[in-house]
Amino acid sequence: MHLDWTALGQVTAVSIGVTVAVVVVFTLGVLGLAQAEHARERDGGTHALGLAQAGLCFLACAAVVAYGIYLIVPQFH
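On a predicted model such as this, the values are computed, not experimentally measured, just so you know. (Residues numbered from 1 in each chain as written. Predicted model: local features only at pLDDT ≥ 70, side-chain atom pairs only at ≥ 80, totals over all residues. Heavy atoms only, no water.)

A. Focus on the overall build of the protein chain. Regarding its fold elements, the protein chain presents two helices and zero strands. Expected size for 77 residues packed as a compact globule is a radius of gyration near 11 Å; at 18 Å, the protein chain overshoots this value by more than 25%. Overall, the protein chain is about 65 × 25 × 10 Å in size when its C-alpha atoms are taken along their principal axes. About 6,000 Å² of surface is accessible on the protein chain, with carbon and sulfur atoms providing 74% of the total. (Helix = DSSP H or I, 4+ residues; strand = E, 2+ residues; numbered from the N terminus. Rg over C-alpha atoms; globule rule 2.2 N^0.38 Å. Areas by Shrake-Rupley, 256 points an atom, 1.4 Å probe, with all protein chains shown as cover.)

What follows is the structure in structure tokens.
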């Protein structure tokens, strides 16, 4: 049995990189929600930039998850 260690290393590196990227993007989304909540408590208004940041970050996370499911489920191909 022959294992292609280079390919295994590449898959591992990409998996770790994408995982860290998704966690960072999700964290930025939570930060955007926190900014919007802070603005609401401070002056009663909404922080549109914080809400937009949160929405885009959570949408990006959902897209990565949907793409992963697409790659795993063979009926989608």
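Here the narrative resumes.
B. Molecular detail of the environment of His 47. Inspection of the secondary structure assignment puts His 47 in the loop between helix H1 (5-43) and helix H2 (48-72). For His 47, a relative accessible area of 28% puts it in the partly exposed group. Taking the C-alpha atoms as reference points, His 47 and Gly 32, 15 residues apart in sequence, are found 8.8 Å from one another. Each residue touching His 47, except ones within four places of it in the same chain, is listed here: Gln 35, Ala 36 and Ala 39. (Buried < 20%, exposed > 50% of the residue type's maximum accessible area, 1.4 Å probe, protein only. Contact = heavy atoms within 4.5 Å.)

C. Layout of H2. Look at H2: 36 Å from first C-alpha to last across 25 residues, which is about the 36 Å you get at 1.5 Å a residue. Elements that come into contact with the buried residues of H2 comprise H1. (Expected span 1.5 Å × (residues − 1).)

D. Inspection of the state of the cysteines at higher detail. Scanning the entire structure with this criterion turns up zero disulfides. With no disulfide partner, Cys 57 has as its closest neighbouring cysteine sulfur the one in Cys 61, 7.0 Å distant. In this structure Cys 57 comes out as buried when scored by relative accessible area, which is 12%. (Disulfide = S-S within 2.5 Å.)

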